[in-house]
Amino acid sequence: MSSEEPLIAVFVDYENLAIGVRDMNSGEFQIELVLKRLLEKGRIVFKRAYCDWSHYRSAVREFHLQGIELIDIPQSKVSGKNSADIRMVVDAIDLCYAKQHIDMFALLSGDSDFSPLVSKLKENDKRVLGCGVKSSTSDLLISNCDEFIYYDDLIRETQKPKPSQRRKRGSKAPPADAKQQESLDRLMEIIHSLERDYDPLWGSLVKQTIRRVYPGFNESYYGYRSFAELLKAAQAEGLIELEYDEQRGNYEVRTKGD
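What counts and what doesn't
- Residues numbered from 1 in each chain as written.
- Predicted model: local features only at pLDDT ≥ 70, side-chain atom pairs only at ≥ 80, totals over all residues.
- Heavy atoms only, no water.
- Helix = DSSP H or I, 4+ residues; strand = E, 2+ residues; numbered from the N terminus.
- Contact = heavy atoms within 4.5 Å.
- Pairing = 2+ DSSP bridges.
- Buried < 20%, exposed > 50% of the residue type's maximum accessible area, 1.4 Å probe, protein only.
- Axes fitted to C-alpha atoms, helices over the stretch in contact; angles between N-to-C directions.
- Parallel < 35°, antiparallel > 145°, perpendicular 65-115°, else oblique.
- Left-handed = near helix turned anticlockwise from the far one by under 90°.
- Nonpolar A, V, L, I, M, F, W, Y, C, P; charged D, E, K, R; others polar.
- Right-handed = clockwise from strand over helix to strand, strands pointing away.
- Salt bridge = Lys/Arg side-chain N within 4 Å of Asp/Glu carboxyl O.
- Phe/Tyr/Trp six-rings, centres within 6.5 Å; stacked < 30°, edge-to-face > 60°.
- Expected span 1.5 Å × (residues − 1).
- Polar contact = N/O pair within 3.5 Å; in protein donor to acceptor, adjacent residues only side chain to side chain.

What follows covers unusual backbone geometry. Of note, the amide linkage connecting Asp199 to Pro200 takes the cis form, showing an omega dihedral of 5°. Its place among the elements puts Pro200 in the loop between α8 (178-194) and β7 (201-202).

In structure tokens, the structure reads:
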């Protein structure tokens, strides 16, 4: 597996997620929240979703906007609901053998029927990430995955105040303007997410990740000559601490406790 930028294939069992999200009473399933979290872990090179889309037409446009290939599996009395699950399993196994460069498979579902698929992917040296709604996800599936992301947690994070809005006491820097504030918001969003997975966290990884999540991100647009200057601006705002490692030629990044 590439240690620098893992390549991810995403498979979505949409009906399972839609039913789980409906029981959460939190509106429609927001695929962009999941993709954003996955982009923090690697580069997405394959996206496919399975469902009888005639029952979920309101979701089709958003999935197209996210560049996800939609596989339509009409329900019938003969095939039943599981036909979409079977097609997803077959396609995932086929991709596993056909595309050896893919490092990670993200399975968006809470269905325990996918547990054998998880085992087979791991057997082929693939890392498996699961994602589903907590109340409707099988414990068996969760325990089989290398890592599991709860959709509930992603929704909860959107309801929190942005990290850079909690400006630290004693900061000597003047308040950021609107463009600079946006850059700090995005920077801190990525740092807070990455620090859950990386210790220490290096500035080069933060830079690589922020450009995957926000492909148009360019520090010069926000008035900074370099990414290091953006990091120093966040430090001046009292949001992070930086320590330069001479040997690596890189900054170690740490958030400051409130």
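Turning our eyes to something else, we now look at the side chain of Glu252. Here Glu252 is to be found in strand β9 (residues 250-255). Apart from residues lying up to four places away in sequence, Glu252 is in contact with Pro200, Leu201, Trp202, Glu241, Leu242 and Glu243.

For the rest of this paragraph, the subject is the sheet that holds β9. Spatially, 3 strands are ordered β7-β9-β8 in an open sheet, and the strand pairing comes out antiparallel. Each end of this open sheet is capped by a strand with a single partner; those strands are β7 and β8 (240-245). With 2 bridges connecting them, β7 and β9 associate as antiparallel partners. Across the sheet, the residue bridging to Trp202 is Glu252, located in β9.

Let us look at helix α1 (residues 14-24). Along an α-helix, a turn takes 3.6 residues, which lines up residues three or four apart on a common side. Three or more residues of α1 are buried, namely Tyr14, Glu15, Asn16, Leu17, Ala18, Gly20 and Val21. Close packing links the buried residues of α1 with β1 (7-13), β2 (43-51), α3 (57-65), β4 (104-108), β5 (127-132) and α7 (151-158). Just beyond α1, the residue with positive phi is Asn25, at close to 60°.

Attention now moves to the sheet that holds β5. Neighbouring strands of a sheet are bound in pairs by backbone hydrogen bonds; such pairs are parallel or else antiparallel. Taken together, the 6 strands give an open sheet; going across it, the order is β3-β2-β1-β4-β5-β6, and neighbouring strands pair in parallel fashion. If you trace the sheet from one side to the other, it starts and ends with β3 (69-72) and β6 (147-150), each paired once. With strand direction ignored, the average angle separating the axes of adjacent strands in the sheet is 20°. As defined by bridge partners, β2 adjoins β3 across 4 bridges and the pair is classed as parallel. Within the sheet, the bridge partner assigned to Ala49 lies in β3 and is Leu70.

Moving on, we get to the packing of α8 against helix α9 (residues 203-213). Running from N to C, α8 and α9 cross one another at 115°; their axes reach a closest spacing of 10 Å. In terms of axis orientation, α8 runs roughly perpendicular to α9. Judged by the sense of rotation from one axis to the other, the crossing of α8 with α9 is right-handed. Residues Arg186, Leu187, Ile190, Ile191 and Leu194 of α8 touch α9, and the partners they reach there are Leu205, Val206, Thr209, Ile210 and Val213. Each residue belonging to the contact of α8 with α9 can be placed in one class, and the counts come to 8 nonpolar, 1 polar and 1 charged.

Right, let's talk about the pairing of β2 for a bit. For β1 and β2, the ladder comprises 7 bridges, and the chain directions are parallel. When the bridges of β2 are listed, Val10 appears paired with Lys47. Crossover connection from β2 via α3 to parallel β3: handedness right-handed.

In this structure the tally under the stated criterion is 19 salt bridges. Across the pair Asp91 and Arg48 runs a salt bridge, and its minimum N-O distance is 3.1 Å. Taken together, the residues span a long stretch of sequence, with Asp91 in helix α4 (residues 82-98) and Arg48 in strand β2 at a distance of 43 residues. For the pair shown, Asp91 and Arg48 are each scored as buried. Among the ionic contacts, a cluster of salt bridges with common partners joins Arg37, Glu40, Lys41, Arg127, Glu147 and Asp197.

Moving on: the packing of aromatic side chains. Per the stated rule, a full pass over the model turns up 13 aromatic pairs. Between the aromatic rings of Tyr14 and Phe63, the centroid separation amounts to 5.2 Å while the plane-to-plane angle is 90°, which identifies the pairing as edge-to-face. One end of the pair, Tyr14, is in helix α1; the other, Phe63, is in helix α3, with 49 residues separating them in the sequence. When its relative accessible area of 1% is taken as the criterion, Phe63 is described as buried.

Here we take up α8. Taking 1.5 Å per residue as the helical rise, α8 with its 17 residues ought to reach 24 Å, and the 24 Å between its terminal C-alpha atoms agrees with that figure. Within α8, burial applies to Ser183, Leu184, Asp185, Leu187, Met188, Ile190, Ile191, Ser193 and Leu194. Elements in contact with the buried residues of α8: α2 (31-39), β7, α9, α10 (227-236), β8 and β9. The N-cap of α8, judged by a side-chain oxygen 3.2 Å from the amide nitrogen of Lys179 a few residues on, is Asp177.

Spatial relationships are all this shows, so hold off on functional conclusions.
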